[in-house]
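# Tertiary structure, described
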Amino acid sequence: MSPDPDPTAEPRRTRSPRPRRVRVQRTLLAVTVTLVVLAQVYPLAWLFVTSFRTAADFAGGNPFALPAEFTLENYSRAFSTGNLWLNIANSFIVTLGSSALIVIAGMMAAFALQVLGFRLSGLVRGLFLLGIIVPVQIALVPLFIDYSQIGLLDTHLSMIIPLAAFAMPMAVYLFSSFYEYIPREMYEAASLDGAGPYRIFTQITFPLSVNTIITVVLVNSIFIWNDFIFANTFVLSDGLKTIPLGLQNYIGAMGNTDWTATFAAVCVTVTPLLLVFLVLNKAMISGLESGATKG
């Protein structure tokens, strides 16, 4: 007959598998993040390193090896071969113009749909979101014909308008999602103080939307800066070529490409975008942290 258990004895504690599971999850997460970072950073690092290789070293040796000697001749050849500064200026104009149009029109549309509201606001919002699935290729020929008839062909506006239009659905969605979490009491208090829709938009909604504005600019600037399809379709003169079109100048006769000069040109054109991204990213993080500490 088995002895009775001692009621004063402490129950045996079983080791929980949770700490081990947490360690495994953290290890997998760290490995995944490391692989993603390497996949993103390695091509960029290889691009910058290769831009300092000599043409003979790149053509005759291993293209993925470290340079046998460093040279700045590729950068001087990159500026002398094509109109690199002009291409960068055109990309700046198109990117800034498109981003400004996206932010202004997207904020106003989202404010009208989410804050003011009207009878068919839900239907209009659905039509905006439907524009996300519309491919840009179907608008090239109609836009080319319209631009040629009204004199907008081969201008900066011929690129700014479609780039802003196709980015508008996502911008409206992001702004509408943000406005949904702004307390209605703020708008009601402003209305009781005699503020109209324009004053509410400029003094309440716009200052609170800084983080969303930065997000919209970050998301769209990368695609606008690297746009090729609209620039290649609507730009006819060399003076209006953006960076993706200007890189074609490094392709010589019979398809021969000056690769090292091309890599140097890409490094010059990518650097401003990276700097802008880093600056706006810090501003977004700072805005989120300051907003989280209020109230």
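For the structure itself, look to the data block above.
In short, a report on the structure. (Residues numbered from 1 in each chain as written. Predicted model: local features only at pLDDT ≥ 70, side-chain atom pairs only at ≥ 80, totals over all residues. Heavy atoms only, no water.)

## Some words on the overall build of the protein chain
On a plain count of helices and strands, the protein chain comes out with 13 helices and 0 strands. N-terminal to C-terminal, the α/β element order of the protein chain is α-α-α-α-α-α-α-α-α-α-α-α-α. Counting contacts in the protein chain only where the partners sit at least 6 residues apart, residues at least 24 apart contribute 72% of the total. If you sum the accessible surface of the protein chain, you get close to 18700 Å²; carbon and sulfur atoms cover 67% of it. (Helix = DSSP H or I, 4+ residues; strand = E, 2+ residues; numbered from the N terminus. Contact = heavy atoms within 4.5 Å. Areas by Shrake-Rupley, 256 points an atom, 1.4 Å probe, with all protein chains shown as cover.)

## Focus: the side chain of S91
In this fold, S91 is placed in helix α4 (residues 84-116). Overall, S91 belongs to the buried group, its relative accessible area being 2%. In this structure the side chain of S91 is engaged in a polar contact, spanning 3.0 Å, whose partner is the backbone nitrogen of I243. Residues contacting S91, with those up to four places away along its chain left out, are W225, T242 and I243. (Buried < 20%, exposed > 50% of the residue type's maximum accessible area, 1.4 Å probe, protein only. Polar contact = N/O pair within 3.5 Å; in protein donor to acceptor, adjacent residues only side chain to side chain.)

## Considerations on the environment of D154
Structurally, D154 can be placed in the loop between α6 (140-150) and α7 (157-179). Separated by 82 residues in the primary sequence, D154 and L236 have C-alpha atoms spaced 5.6 Å apart. For D154, the side chain forms a polar contact with the side chain of S237, separated by 3.1 Å.

## Considering the pattern of salt bridges
Pairing is possible between side chains of opposite charge, provided their charged atoms come close. Per the counting criterion, the structure on display carries 2 salt bridges. One salt bridge connects E73 with R77, and the closest N-O pair in it is separated by 3.7 Å. With E73 and R77 both in helix α3 (residues 73-81) and 4 residues apart, the pair spans about one turn of that helix. A salt bridge links K241 to D238; the shortest N-O distance between them is 3.2 Å. (Salt bridge = Lys/Arg side-chain N within 4 Å of Asp/Glu carboxyl O.)

## Describing the packing of α4 against helix α9 (residues 197-208)
Interaxial distance between α4 and α9 falls to 12 Å at its minimum, and their mutual angle equals 105°. With respect to α9, the element α4 is oriented roughly perpendicular. Contacts from M107, M108, F111 and L116 of α4 reach α9 at P197, I200, F201, T205 and F206. Of the residues that constitute the contact of α4 with α9, the class distribution is 8 nonpolar, 1 polar and no charged. (Axes fitted to C-alpha atoms, helices over the stretch in contact; angles between N-to-C directions. Parallel < 35°, antiparallel > 145°, perpendicular 65-115°, else oblique. Nonpolar A, V, L, I, M, F, W, Y, C, P; charged D, E, K, R; others polar.)

## Looking at the packing of aromatic side chains
Throughout the structure, instances matching the rule amount to 12 aromatic pairs. Between W46 and F263 the ring centres are 5.3 Å apart and the planes differ by 70°, which places this aromatic pair in the edge-to-face class. With W46 in helix α1 (residues 18-50) and F263 in helix α13 (residues 259-292), this pair connects stretches of sequence that are 217 residues apart. One aromatic cluster is present, built from ring pairs that chain together Y147, F166, F230 and F234. (Phe/Tyr/Trp six-rings, centres within 6.5 Å; stacked < 30°, edge-to-face > 60°.)

## As for the nonpolar core
Formed by 36 residues in total, the largest nonpolar core has its most connected members in I102, M107, F111, F175, Y179, Y187 and I200. Secondary-structure elements contributing two or more residues to this core are α4, α6, α7, α8 (184-192), α9, α10 (210-225) and α11 (229-234). The biggest single contributor to this core is α7, with 8 residues. Membership of the second largest hydrophobic core comes to 17 residues, among which are L84, I243, A261 and C267. (Core = buried A, V, L, I, M, F, W, Y, C linked by side-chain atoms within 4.5 Å.)

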